[in-house]
Amino acid sequence: MSVFNDKYRGKKVLITGHTGFKGSWLSIWLKNLGAEVIGYSLETPTEPSLFKTCKLDEKITSIVGDVRDEEKLDDIFHKYKPEIVFHLAAQPLVRLSYIEPRMTYETNVMGAVNVLEVARKSDSVKAVIVVTTDKCYENKEWVYGYRETDSLGGHDPYSSSKGCVELITTSYINSFYKEKGIALASVRAGNVIGGGDWAEDRLIPDFVRSVSEKKSIVIRNPLATRPWQHVLEPLSGYLWLGVLMLSDKEKYSSGWNFGPRDTDILNVDEILNLAIKSWGKGIIEIDKSEQPHEANLLKLDISKVKAHLKWYPVYEVNMAVDKTIQWYKTYYENNNSNMYRYTLKQIDEYEKQAKIQNLIWSE
């Protein structure tokens, strides 16, 4: 089955943050699409991790490096000459950003500047996709989904830093990339779930840890609503956008939201109950102590990607949760045996479901 018009076969693709959760899934998918994948990242952020579980260091070119190190980044671009760059490297946690604000801004803001600087001076790069977050928008706690034209902001240092990255990306499009003929876009996704995420202070990983350790899961805000989506949803969007950017350097150089259907935007309690149903066990407790500020209501409007990219979500939320939990159950019940093959199986199932739905990128 040919997906993404077979455009990634033989392409040199550089991913920053490839040792992280989303970066690992993207590396596996691109490798399977026939791309030559070069990863640049710090060591794996968690133990266990999807990167180590799938032994990705044996399957792609993996370089340990910090996006704050512009000189080393420049060396890597000169050596490997990537054609497409996916910039995912970031400090991705809201609560950690309260503890380490300077590191959050240095990594997220100056890290992005370094990648954009090195890429624009490169002779090989044709397209750059900068991954930010749904939290880059100024949160007004309204019931409408945020559109790409809405104001950027962020209460906490993490969200604020990602708002900064959006402004920087727009500036680089207008100041440098159009003139150089390199396509540049930013992408904002919802709350991504999927197998292989063990980050602290994330709902599904916290649930998985609690079940595997036979403990209750303690949650802070059961009524907080988020745009939950399986990790393959935004990744399919990024990959399809990358294909289109190669065909038209200017048309697709802007910001894009990749989120779930409106009917799939559930609160924390509802998501956890789906996870408990899928696993067959789990106990919820509510932490009533005072917590740092987090948004209560967050939605994305995906009208733009539907209209201009013909991109649509594949899985509804029940399926997204079930696929996620089945990955973890397989990991724990099979003692971590060949999760690379199982991850590829889930990618294949996703591609097949997209084809059944006649989605444009799956043809």
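We now turn to the structure provided with this report. Quantities reported herein were computed from a predicted structural model and do not represent experimental measurements. (Residues numbered from 1 in each chain as written. Predicted model: local features only at pLDDT ≥ 70, side-chain atom pairs only at ≥ 80, totals over all residues. Heavy atoms only, no water.)

Description of the packing of helix H1 (residues 21-32) against helix H8 (residues 232-247)
At a minimum axis separation of 10 Å, H1 and H8 run at an interaxial angle of 55°. Between H1 and H8, the angle falls in the class oblique. Of the two elements, H1 crosses H8, and the hand of that crossing is right-handed. For the pair H1 and H8, the contacting residues are Lys-22, Trp-25, Leu-26, Trp-29 and Leu-30 in the first and Leu-232, Leu-235, Ser-236, Tyr-238 and Leu-239 in the second. Each residue belonging to the contact of H1 with H8 can be placed in one class, and the counts come to eight nonpolar, one polar and one charged. (Axes fitted to C-alpha atoms, helices over the stretch in contact; angles between N-to-C directions. Helix = DSSP H or I, 4+ residues; strand = E, 2+ residues; numbered from the N terminus. Parallel < 35°, antiparallel > 145°, perpendicular 65-115°, else oblique. Left-handed = near helix turned anticlockwise from the far one by under 90°. Contact = heavy atoms within 4.5 Å. Nonpolar A, V, L, I, M, F, W, Y, C, P; charged D, E, K, R; others polar.)

A few points about helix H7 (residues 203-212)
A large share of H7 lies buried, amounting to eight of its 10 residues. Among the residues of H7, those classed as buried are Leu-203, Ile-204, Pro-205, Phe-207, Val-208, Arg-209, Ser-210 and Val-211. On its buried face, H7 sits against strand E7 (191-193), strand E8 (217-219), strand E10 (228-230), helix H9 (268-279) and helix H11 (317-333). Downstream of H7 by a residue or two, Lys-214 has a phi angle that is positive, lying close to 55°. (Buried < 20%, exposed > 50% of the residue type's maximum accessible area, 1.4 Å probe, protein only.)

Points about the packing of aromatic side chains
Taken as a whole and assessed by the stated rule, the structure comprises 21 aromatic pairs. For the ring pair Trp-29 and Trp-361, a centre distance of 6.1 Å and an interplane angle of 75° mean the geometry is edge-to-face. Placement of the pair is Trp-29 in helix H1 and Trp-361 in the segment after helix H12 (339-356), with a sequence separation of 332 residues. With relative accessibility at 0%, the residue Trp-29 sits in the buried group. A ring pair is formed by Trp-198 and Trp-327, whose centres lie 5.9 Å apart and whose planes are at 65°; its orientation type is edge-to-face. Within this pair, whereas Trp-198 is found in the loop between E7 and H7, its partner Trp-327 is found in helix H11, the two being separated by 129 residues in sequence. Here the basic side chain of Lys-59 rests over the ring of Tyr-340, its NZ or CZ set 4.5 Å away from the ring centre. One cation-aromatic arrangement involves Arg-120 over Phe-176; the distance from NZ or CZ to the ring centre is 3.9 Å. (Phe/Tyr/Trp six-rings, centres within 6.5 Å; stacked < 30°, edge-to-face > 60°. Lys NZ or Arg CZ within 6 Å of the ring centre and 35° of its normal.)

Looking at the nonpolar core
With 85 residues, the main nonpolar core has Tyr-8, Leu-30, Phe-86 and Trp-361 as its most contacted residues. In terms of residue count, the dominant contributor to this core is H8 (10 residues). When sequence neighbours within four positions are dropped, the list of residues in contact with Leu-30 reads Tyr-8, Val-13, Ile-15, Ala-35, Val-37, Phe-86 and Leu-239. Within the second largest apolar cluster, 28 residues are counted, among which are Leu-73, Val-113, Ile-168 and Tyr-172. (Core = buried A, V, L, I, M, F, W, Y, C linked by side-chain atoms within 4.5 Å.)

Observations concerning helix H5 (residues 101-121)
With 21 residues, H5 should reach 30 Å at 1.5 Å per residue; the first-to-last C-alpha distance of 30 Å fits that figure. Along H5, the sharpest kink reaches roughly 25°, centred on Gly-111. (Expected span 1.5 Å × (residues − 1). Bend = angle between axes of the 7 residues up to and from the residue.)

A short note on the state of the cysteines
According to the stated counting rule, one finds zero disulfides in the structure shown. The thiol of Cys-164 is not disulfide-bonded; the next cysteine sulfur, from Cys-136, is found 11 Å away. Residue class for Cys-164 comes out partly exposed when judged on its relative accessible area of 29%. (Disulfide = S-S within 2.5 Å.)

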